[in-house]
Amino acid sequence: MSEVRAVQKTEMPEINAQAAIVVTQHEGRILLEKNARMRLSPAFLTKIMASIIALEKCNPSDKVTISDSVVSQIAGWKSSAAIGLTAGEQISVLDLIYSMMLVSANDSLFAIAEFICGGIDKLAVMMEEKAKEIGAVDTAVTTTDGKFTADQFSNAYDLAIICRYCMTNRLFRAIAQTDKYTIPATNKSEPREL
């Protein structure tokens, strides 16, 4: 493995983000940071956490049957990212994970949550427990919508911990490096291009 050298102050790139961190995968050594412990909206954290929980709790080939409840939940989320799941559709856990990770599909998130633990509120609890278990102690997940509230937050430092953990999973790594994916035809849908 090539050696990682520290970024010199004169080489510091301009960071326009409110907060950022770059760490090495194996040692977790911080190479650069800006406001890394500032509490911010967790945004995509919920899709990452739902994906790793699904990979750890399910067989990727498990078939999920989409319920009326999942379809009605997504209907209540105006302008929400979705892949158009329909009631009675059967789709694999792996395809749901790909759709969460590539297009942030909330209908897939709801389906995974229902399949794993009965619903999104219970999945939020599992996400927070998992974050704490792996050392992301300044992350609070109270809902799965990713919005910043006084009760739901994270920071760049914790996200680095979470992502380092997720990247130890071979299948998560493969999904994370994918930029295009085709969900095969299901009993209710033609193939979907992500």
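Note that the structure is a prediction, hence the values are computed from the model and not measured.

Across its full length, the chain carries 7 helices and 6 strands. Its helices and strands in sequence order give the chain the pattern β-β-α-β-α-β-α-α-α-α-α-β-β, from N to C terminus. Its C-alpha atoms give the chain a radius of gyration of 18 Å, near enough to 16 Å, the size a compact globule of 194 residues would have. Oriented by its inertia axes, the alpha-carbon framework of the chain measures out at about 55 × 40 × 30 Å. With an accessible surface of roughly 10,300 Å², the chain has 51% of that area assigned to carbon and sulfur atoms. The centroid of the 20 positive side-chain charges in the chain is displaced by 3 Å from the centroid of its 23 negative side-chain charges.

Bridge count for strand S1 (residues 20–23) against strand S2 (residues 30–34) is 4 bridges, and the pairing is antiparallel. Its bridge partner lying in S2, Val-23 is registered against Ile-30. Between S1 and the antiparallel strand that follows it, S2, lie 6 residues; Gly-28 among them carries a positive phi value of about 75°.

Attention now goes to the packing of helix H1 (residues 45–57) against helix H6 (residues 156–166). With their axes 11 Å apart at the nearest point, H1 and H6 run at an angle of 30° to one another. Taken together, H1 and H6 sit at an angle that is classed as roughly parallel. Where H1 crosses over H6, the two elements pack in a sense that is left-handed. Contact residues: H1 offers Leu-45, Ile-48, Met-49, Ile-52 and Glu-56, while H6 offers Leu-159, Ile-162, Cys-163, Tyr-165 and Cys-166.

This part takes up the environment of Ser-41. If you trace the backbone, Ser-41 turns up in the loop between S2 and H1. With 111 residues separating them along the chain, Ser-41 and Gln-152 place their C-alpha atoms 7.3 Å apart.

On to the side chain of Asn-106, then. Here Asn-106 lies in helix H4 (residues 106–117). Among the polar contacts made by the side chain of Asn-106, one reaches the side chain of Lys-47 at a distance of 2.9 Å. Those residues in contact with Asn-106, other than ones at most four positions away along the chain, are Lys-47, Ile-74, Trp-77, Ser-80, Ala-81 and Ala-82.

Here the focus is unusual backbone geometry. Backbone geometry places Asn-35, a non-glycine residue, at a positive phi of 50°. Locating Asn-35 in the fold gives a position in the loop between S2 and H1. Despite not being glycine, Ser-104 has its phi angle at roughly 55°, a positive value. Assignment of secondary structure puts Ser-104 in the loop between helix H3 (93–103) and H4. Owing to a relative accessible area of 23%, Ser-104 belongs among the partly exposed residues under this scheme.

What follows covers the confidence of the model for the chain. Summarising the model, the chain shows a mean pLDDT of 90, and 91% of its residues fall at 70 or more. Here residues 1–5 is a poorly scored stretch, pLDDT under 50, and it has 5 contacts once near neighbours within four places are set aside; other chains count.

Let us now look at H3. For H3, the buried fraction is high: 8 of the 11 residues fall into the buried class. Those residues of H3 that fall on the buried side of the exposure criterion are Val-93, Asp-95, Leu-96, Ile-97, Tyr-98, Ser-99, Met-100 and Met-101. Summarising the contacts, the buried residues of H3 are in contact with H1, strand S3 (63–65), strand S4 (90–92), H4, helix H7 (170–176) and strand S5 (182–183). Residue Ser-104 follows H3 closely and has a positive phi angle near 55°.

Time to look at the nonpolar core. Ile-97, Ile-112, Ile-116, Leu-123, Met-127 and Ile-162 are the most contacted members of the largest nonpolar core, which has 48 residues in total. Elements supplying a minimum of two residues to this core: H1, helix H2 (68–75), H3, H4, helix H5 (120–133), H6 and H7. If near-sequence neighbours (up to four positions away) are discounted, Ile-97 is found in contact with Ser-51, Ala-54, Leu-55, Ile-112 and Ile-175. Counting residues in each nonpolar core, the second largest holds 5 residues, with Ile-21, Ala-36, Ala-156 and Ala-160 among its members.

Rules behind the numbers
Residue numbers run consecutively from 1 along every chain, following the written order of its sequence. For this predicted model, a pLDDT threshold of at least 70 governs which residues receive local features, and a threshold of 80 or more governs which side-chain atom pairs are given and counted, while totals over whole chains, interfaces and linings are taken from all residues. Water and hydrogen atoms were dropped before computing side-chain values, which therefore reflect all heavy atoms in the structure. Helix numbering and strand numbering both begin at the N terminus, where a helix is a DSSP run of H or I of at least 4 residues and a strand a DSSP run of E of at least 2. C-alpha atoms define the radius of gyration in this analysis, and the globule rule sets the expected value at 2.2 Å times the number of residues to the power 0.38. Here the open area of atoms and residues is found with the Shrake-Rupley method and a 1.4 Å probe, where only the protein chains shown may cover a residue. Counted as positive: Lys and Arg. Counted as negative: Asp and Glu, with His and the chain ends omitted from the count. Charge placement uses NZ in Lys and CZ in Arg. For Asp and Glu, CG and CD serve respectively. When DSSP locates at least two bridges between a pair of strands, those strands are taken to pair. A fitted line through C-alpha atoms represents every axis, and for helices the fit uses only the stretch in contact; the resulting angles, taken between N-to-C directions, go from 0 to 180 degrees. What sets the label is the angle itself: under 35 degrees gives roughly parallel, over 145 gives roughly antiparallel, 65 to 115 gives roughly perpendicular, and the rest give oblique. Crossings are assigned a handedness: left-handed for a near helix turned anticlockwise from the far helix by less than a right angle, right-handed for a clockwise turn. We call two residues in contact whenever any of their non-hydrogen atoms come within 4.5 Å of each other. Pairs of N or O atoms are called polar contacts if they sit within 3.5 Å, as long as, within protein, a hydrogen donor faces a hydrogen acceptor (for residues adjacent in sequence, only side-chain-to-side-chain pairs). When accessible area is computed with a 1.4 Å probe and restricted to protein chains, residues below 20% of their type maximum are described as buried, those above 50% as exposed, and intermediate ones as partly exposed. pLDDT: the predictor's confidence for each residue, scored from 0 to 100. Definition of nonpolar core: a set of buried residues of the types Ala, Val, Leu, Ile, Met, Phe, Trp, Tyr and Cys, connected through side-chain atoms within 4.5 Å.

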